[in-house]
Amino acid sequence: MASLKLSKPLSLTSAFTLSSGHSIPALGLGFFETPNGAPALESFKVGYRHIDSARYYQNEGEMGVAVRQSGIPREQIFCTSKVLSEDYAFSPSISEAVVKAVESSLSKFGCDYFDLYLLHDPGAGPKGRIEAWKGLEVAVEKGYVKSIGVSNFCVEHLEELLASNLKIRPAVNQVELHPWYQQRDVKEFCDKKGILVQAYCPLVRGQRMTDPTLQKVAERHNKTPAQVLLRWSLQHDLNPLPKSTKASRIQENADVFDFELSKDDMEELDALDAGEGGAVTWDD
């Protein structure tokens, strides 16, 4: 049974329970444009136990090296990867191509399994998405992956997938989400269906740090704008994946558990929603 609300008090060890029955740490490290494993190792020192990579990022191997070098048991670190539709959409057998992509990811990763594997985008079309999902189900059956999900899926894509003859329901939908692009329809739909919403670009790629409302809330709590944004995500029961390669920022992004945004704070930040106009990227 999925548990998509975080229990209070929140901490770096807080976790959601996915519909697959597996736990996922509430805060993760985004690994986009990260050329080596140093940020992951730094995050482990701070207390993170969750890394989010993808085939497109070309650093699954670096993630695996960091996991092994950390000395932390593999089962204590939650590792994610993803496959783009261009890797399988034109294959004679889409499901088989997805399984091969997972196998290739595992070979680079250098470990026996991924905790989570996602369809990175919905670009394969209606039939292609369903066939690709069947490939992920096979990957679970083979023991390659513990939980499976999607990324950048809108409500229509999710409805279509859920209406097909699924063996396994998606555990996660990873989308861009922050106060300026809240995707409320997606969040509401996922909540109803027991699908955890992961938030990439939760710090808006640093583009909104001088926003007056954000600055005001940050000053109110003697916190940085980035810390306020992550706390906003967590209090909305989102699973944020802040990306940084700097040790100081990785530490800063973890220091979000010693304060709480008030109802007024949350409402002020909620009011910043600009719909699609607030997006900074369509996918990572």
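The structure this text deals with has already been given above.
Everything quoted here is computed from the prediction, not taken from an experiment.

Rules and cut-offs
Residues numbered from 1 in each chain as written. Predicted model: local features only at pLDDT ≥ 70, side-chain atom pairs only at ≥ 80, totals over all residues. Heavy atoms only, no water. Axes fitted to C-alpha atoms, helices over the stretch in contact; angles between N-to-C directions. Helix = DSSP H or I, 4+ residues; strand = E, 2+ residues; numbered from the N terminus. Parallel < 35°, antiparallel > 145°, perpendicular 65-115°, else oblique. Contact = heavy atoms within 4.5 Å. Nonpolar A, V, L, I, M, F, W, Y, C, P; charged D, E, K, R; others polar. Core = buried A, V, L, I, M, F, W, Y, C linked by side-chain atoms within 4.5 Å. Buried < 20%, exposed > 50% of the residue type's maximum accessible area, 1.4 Å probe, protein only. Left-handed = near helix turned anticlockwise from the far one by under 90°. Phe/Tyr/Trp six-rings, centres within 6.5 Å; stacked < 30°, edge-to-face > 60°. Lys NZ or Arg CZ within 6 Å of the ring centre and 35° of its normal. Expected span 1.5 Å × (residues − 1). Pairing = 2+ DSSP bridges.

Student: What am I meant to see in the packing of helix α5 (residues 155-163) against helix α6 (residues 184-193) here?
Tutor: It is at 10 Å that the axes of α5 and α6 come closest, and there the two elements cross at 25 degrees. Classified by the interaxial angle, the pair formed by α5 and α6 is roughly parallel. The residues of α6 that touch α5, namely those facing Val155, Leu158, Glu159 and Leu162, are Asp185, Val186, Phe189, Cys190 and Lys193. Residues of the contact of α5 with α6, tallied by class, amount to 6 nonpolar, no polar and 3 charged.

Student: Quick question: what am I supposed to make of the nonpolar core here?
Tutor: Generally speaking, a soluble globular protein has its nonpolar side chains buried in company with each other. In terms of nonpolar packing, the biggest core is built from 86 residues, with Tyr88 and Leu119 touching the most fellow members. With sequence-adjacent residues up to four places away left out, Leu119 is seen in contact with Val83, Tyr88, Arg129, Ala132, Trp133, Leu136, Gly149, Val150, Ser151 and Phe153.

Student: Looking at this structure, how should I read the packing of helix α7 (residues 212-221) against helix α10 (residues 263-270)?
Tutor: Running from amino to carboxyl end, α7 crosses α10 at an angle of 160 degrees, the nearest separation of the two axes being 10 Å. The angle between the axes of α7 and α10 places the two elements in the roughly antiparallel class. Two packed elements cross with a definite hand, and for α7 against α10 that hand is left-handed. Each of Thr213, Leu214, Lys216, Val217, Arg220 and His221 in α7 lies in contact with α10, whose residues at this interface are Asp265, Glu268 and Leu269. For the contact of α7 with α10, the per-class residue count stands at 3 nonpolar, 2 polar and 4 charged.

Student: Whenever I open this one, the environment of Leu118 confuses me. Can you help?
Tutor: With respect to the helices and strands, Leu118 occurs in strand β6 (residues 114-119). With 15 residues separating them along the chain, Leu118 and Trp133 place their C-alpha atoms 9.2 Å apart. Apart from the residues lying within four places of it in its own chain, the contact partners of Leu118 are Thr80, Ser81, Lys82, Val83, Leu136, Gly149, Val150, Ser151, Val172, Gln174 and Gln198.

Student: Is there a simple way to explain the packing of aromatic side chains in this structure?
Tutor: Describing an aromatic ring pair means giving the distance of the ring centres and the angle of the ring planes. Overall, the coordinates contain 5 aromatic pairs when judged by the stated rule. Ring geometry for Tyr56 and Tyr57: centres 6.5 Å apart, planes at 65 degrees, overall edge-to-face. Joined through ring pairs, the aromatic side chains of Phe32, Tyr56 and Tyr57 make up one cluster. A cation over a ring is seen here: Arg74 above Tyr113, with NZ or CZ 4.2 Å from the ring centre. Stacked on the ring of Phe259, the Lys or Arg Arg231 has its end atom at 5.8 Å from the ring centre.

Student: Looking at this model, I keep getting lost on helix α3 (residues 94-109). Mind explaining?
Tutor: Three or four residues apart is the spacing at which side chains of an α-helix point the same way, because the helix has 3.6 residues per turn. Counted at 1.5 Å a residue, the expected span for α3 with its 16 residues is 22 Å, and the 22 Å between its end C-alpha atoms agrees. When α3 is considered as a whole, its buried residues turn out to be Ile94, Ser95, Ala97, Val98, Val99, Ala101, Val102, Ser105, Leu106 and Phe109. Downstream of α3 by a residue or two, Gly110 has a phi angle that is positive, lying close to 80 degrees.

Student: Looking at this structure, how should I read the sheet that holds strand β3 (residues 29-30)?
Tutor: Whether parallel or antiparallel, the strands of a sheet pair through hydrogen bonds between backbone atoms. The strand order across the open sheet formed by 8 strands is β3-β4-β5-β6-β7-β8-β9-β10, and the pairing between neighbours is parallel. Pairing within the sheet leaves two strands with one partner each, and these edge strands are β3 and β10 (239-240). Relative to strand β5 (residues 78-83), strand β4 (residues 50-52) runs parallel, the two sharing 3 bridges. Bridge pairing in β5 places His50 opposite Phe78. Helix-sheet contacts for α3 involve β5, β6 and β7 (145-151), and the interaxial angle to β6 is about 135 degrees.

Student: Teacher, can you tell me more about unusual backbone geometry here?
Tutor: Most peptide bonds are trans, and most residues other than glycine sit at a negative phi. With an omega of 0 degrees, the peptide bond running from Lys8 to Pro9 counts as cis. The topology assignment puts Pro9 in the segment before β1 (15-17). Phi at Gln183 takes a positive value of approximately 45 degrees, unusual for a residue other than glycine. You can see Gln183 is positioned in the loop between β8 (172-176) and α6. Located in the positive-phi region is Arg205, a residue other than glycine, with phi close to 55 degrees. As for its position among the elements, Arg205 is in the loop between β9 (196-200) and α7. A relative accessible area of 42% means that Arg205 is categorised as partly exposed.

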